[in-house]
Amino acid sequence: MARIIPYAAIQFSAHEQWKQVLGVDQDKVRKTSSWRRFLSGSLAGVTSQSLTYPLDMARARMAVTQKEQYSSISHMFVRIWREEGPRTLYRGYSATILGVIPYAGASFYTYETLKAIHMEYWGTSGTNPLEKLLFGAVAGLIGQTSSYPLDIVRRRMQTSPIANSQYQTIRGTLIKVYMEEGLKNGLFKGLSMNWIKGPVAVGISFSTFDTMQYYLREALNCAAL
């Protein structure tokens, strides 16, 4: 929770800013190109992941260790800093960024495109939370699938000192996992569970953000009147 609150806040805020910078959905006459939608989502993901990555490292470490090893987030940070060095807090960062580019890009692109199609077909932006939940679920499914092997690489590199495994580089980790465990039980291990978790989590995130944004704008408009 300490990670996801700032991560989600920065990601959605950054996405709105990148949309303005890239001119996404700013012109009501001309359609936004696909690459701009994808790029705005990717940049939002890179921004949020870069600013909160040490917290992602903390989550990965604490998930696979006993409570006695890391009793709290602050204890974990202090111990890693002293025993492994500050660079360890960004171990696996490059794999994470390579993974978040297709993940965030595909997620935001899919969600925004589905909303645009809905608006063209029905003449409304789809303010129904259930519709947004469905759009977000589809976006989460596509996003998770597109970047899953790199997510495996990221977690292996983050937790390798604990497991006494040698996962130093992205290429080396990909080859090692593939050669020793294969595709199904290695690079795509746990994907079926992510197909359940991902659409639910992303769907709730997108629908909550969009719904709250809509009602806040309505409240501001009423206050201005």
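Residues numbered from 1 in each chain as written. Predicted model: local features only at pLDDT ≥ 70, side-chain atom pairs only at ≥ 80, totals over all residues. Heavy atoms only, no water.

Quick word on the overall build of the protein chain
How we decide: Numbering of helices and strands runs from the N terminus; a helix is a DSSP stretch of H or I covering at least four residues, while a strand is a stretch of E covering at least two. A 1.4 Å probe rolled over the protein chains alone gives each residue an accessible area, and that area as a share of the maximum for its type sets the label: buried under 20%, exposed over 50%, partly exposed in between. What sets the accessible areas is the Shrake-Rupley method with a 1.4 Å probe; for residues, cover comes only from the shown protein chains. Charged-residue counts in this description rest on Lys and Arg as positive and Asp and Glu as negative, His and the chain ends being excluded. For charged residues, the charge sits on one atom: NZ in Lys, CZ in Arg, CG in Asp, CD in Glu.
Helix and strand counts for the protein chain come out as eight helices and zero strands. Oriented by its inertia axes, the alpha-carbon framework of the protein chain measures out at about 60 × 40 × 30 Å. Within the span of the protein chain, comprising 225 residues, buried residues form 40% of the whole. As displayed, the protein chain offers around 13,000 Å² of accessible surface, 63% of which is attributable to carbon and sulfur atoms. One finds the centroid of the 25 positive side-chain charges in the protein chain at a distance of 5 Å from the centroid of its 15 negative side-chain charges.

Remarks on the pattern of salt bridges
What counts, and what does not: In the sections that follow, a salt bridge refers to a side-chain nitrogen of Lys or Arg positioned within 4 Å of a carboxyl oxygen of Asp or Glu.
Enumeration according to the criterion identifies twelve salt bridges in this entry. Residue Arg154 is joined to Asp56 by a salt bridge in which the shortest nitrogen-to-oxygen separation is 2.3 Å. Here Arg154 is found in helix H5 (residues 129–163), whereas its partner Asp56 is found in helix H2 (residues 34–63), with 98 residues between them in sequence. The exposure classification of Arg154 matches that of Asp56, with both residues buried. A salt bridge links Arg61 to Glu84, with the shortest nitrogen-to-oxygen separation between them at 2.9 Å. Residue Arg61 is found in helix H2, and its partner Glu84 is found in the loop between helix H3 (73–83) and helix H4 (93–122); the two are separated by 23 residues along the sequence. Its relative accessible area of 0% is what places Arg61 among the buried residues. Note on Glu84: relative accessible area 30%, which makes it partly exposed. Among the charged side chains, a network of salt bridges with common partners joins Arg3, Asp56, Arg59, Asp151, Arg154 and Arg155.

Describing the UniProt feature "repeat: Solcar" (unreviewed entry) in the protein chain
Basically, it comes down to this: UniProt positions are given in the numbering used here, feature names are shortened, and annotations may be inferred rather than shown by experiment.
Following the UniProt record, the feature "repeat: Solcar" (unreviewed entry) maps to residues 32–117 and 127–215 here. From the first C-alpha to the last, residues 32–117 spans 12 Å; its make-up is 77% helix and 0% strand.

Quick look at the packing of aromatic side chains
Worth spelling out the cut-off: Any Phe, Tyr or Trp ring, taking Trp's six-membered ring, that has another such ring centre within 6.5 Å forms a pair; planes under 30 degrees apart are called stacked, those over 60 apart edge-to-face, and the others tilted. In our convention, an over-ring charge means Lys NZ or Arg CZ found within 6 Å of a ring centre and within 35 degrees of that ring's normal.
Under the defined criterion, the tally for this structure stands at ten aromatic pairs. With 5.1 Å between their ring centres and 90° between their planes, Phe108 and Phe206 make a pair best called edge-to-face. A residue pair is termed long-range when its members are at least 10 positions apart, and Phe108 in helix H4 and Phe206 in helix H8 (residues 191–224) qualify at 98 residues. This pair shows no difference in class: Phe108 is buried, exactly as Phe206 is. A cation over an aromatic ring shows up here: Arg3 above the ring of Tyr7, its NZ or CZ 4.6 Å from the ring centre.

Side note on the packing of helix H1 (residues 4–22) against H4
To keep things clear, this is the line we draw: The convention used is that axes are lines fitted to C-alpha atoms, helices contributing only their stretch in contact, and that angles between N-to-C directions extend from 0 to 180 degrees. Roughly parallel refers to an angle under 35 degrees, roughly antiparallel to one over 145, roughly perpendicular to one between 65 and 115, and oblique to any angle outside these ranges. Crossing handedness follows the turn of the near helix against the far one: under a right angle anticlockwise gives a left-handed crossing, and clockwise gives a right-handed one. When checking whether two residues touch, look at their non-hydrogen atoms; a contact exists if any pair is within 4.5 Å. Here the term charged refers only to Asp, Glu, Lys and Arg, the term nonpolar to Ala, Val, Leu, Ile, Met, Phe, Trp, Tyr, Cys and Pro, and the term polar to all other amino acids, Gly among them.
Contact geometry for H1 and H4: axes closest at 13 Å, N-to-C directions at 65°. For the element pair H1 / H4, the angle class is roughly perpendicular. Of the two elements, H1 crosses H4, and the hand of that crossing is right-handed. Residues Tyr7, Gln11, Phe12, His15 and Lys19 of H1 lie in contact with H4, whose contacting residues are Val100, Ala104, Phe108 and Glu112. Each residue belonging to the contact of H1 with H4 can be placed in one class, and the counts come to five nonpolar, two polar and two charged.

Re the nonpolar core
As a reminder, the rule being used: Joining through side-chain atoms within 4.5 Å is the link that ties buried Ala, Val, Leu, Ile, Met, Phe, Trp, Tyr and Cys residues into a set, and such a set is a nonpolar core.
Core analysis: the biggest nonpolar cluster contains 14 residues, and Val100, Phe108, Tyr111 and Phe206 have the highest contact counts within it. Here the element with the most residues in this core is H4; it accounts for six residues. Dropping the residues within four chain positions of it, Phe206 is found in contact with Phe12, Ser107, Phe108, Tyr111, Gly136 and Ala139. One finds Val153, Met157, Tyr167 and Leu187 within the second-largest nonpolar core, a separate group that totals eight residues.

Focus on a nonpolar patch on the surface
As a reminder of what qualifies: The residues that make up patches have over 30% relative accessible area and no salt bridge, and they are joined within 9 Å when like-charged or within 5 Å when they are Val, Leu, Ile, Met, Phe, Trp or Tyr.
On the surface, Leu134, Val138, Leu141, Ile142 and Trp195 cluster together to form a nonpolar patch covering roughly 430 Å² of accessible area. Secondary-structure assignment places Leu141 in helix H5.

Brief notes about helix H6 (residues 170–181)
Rules: The span one expects for a helix is its residue count, reduced by one, times 1.5 Å. Directions drawn from the helix axis to the C-beta atoms are what define this arc. Nitrogen and oxygen atoms within 3.5 Å of one another constitute a polar contact, given that in protein one can donate a hydrogen and the other can accept it, and given that sequence-neighbouring residues count only through two side-chain atoms.
Between its first and last C-alpha, H6 extends 16 Å over twelve residues, near the 16 Å set by a 1.5 Å rise per residue. For H6, every residue scored as buried is listed here: Ile170, Thr173 and Val177. Seen end-on, H6 carries its buried residues on one side only, within an arc spanning 65°. The outward face of H6, more than 90 degrees from its buried face, is lined by the exposed residues Arg171 and Met179. Its side-chain oxygen 3.0 Å from the backbone nitrogen of Gly172, Thr169 forms the N-cap of H6. Within two residues after H6, Gly182 carries a phi angle of roughly 85°, on the positive side.

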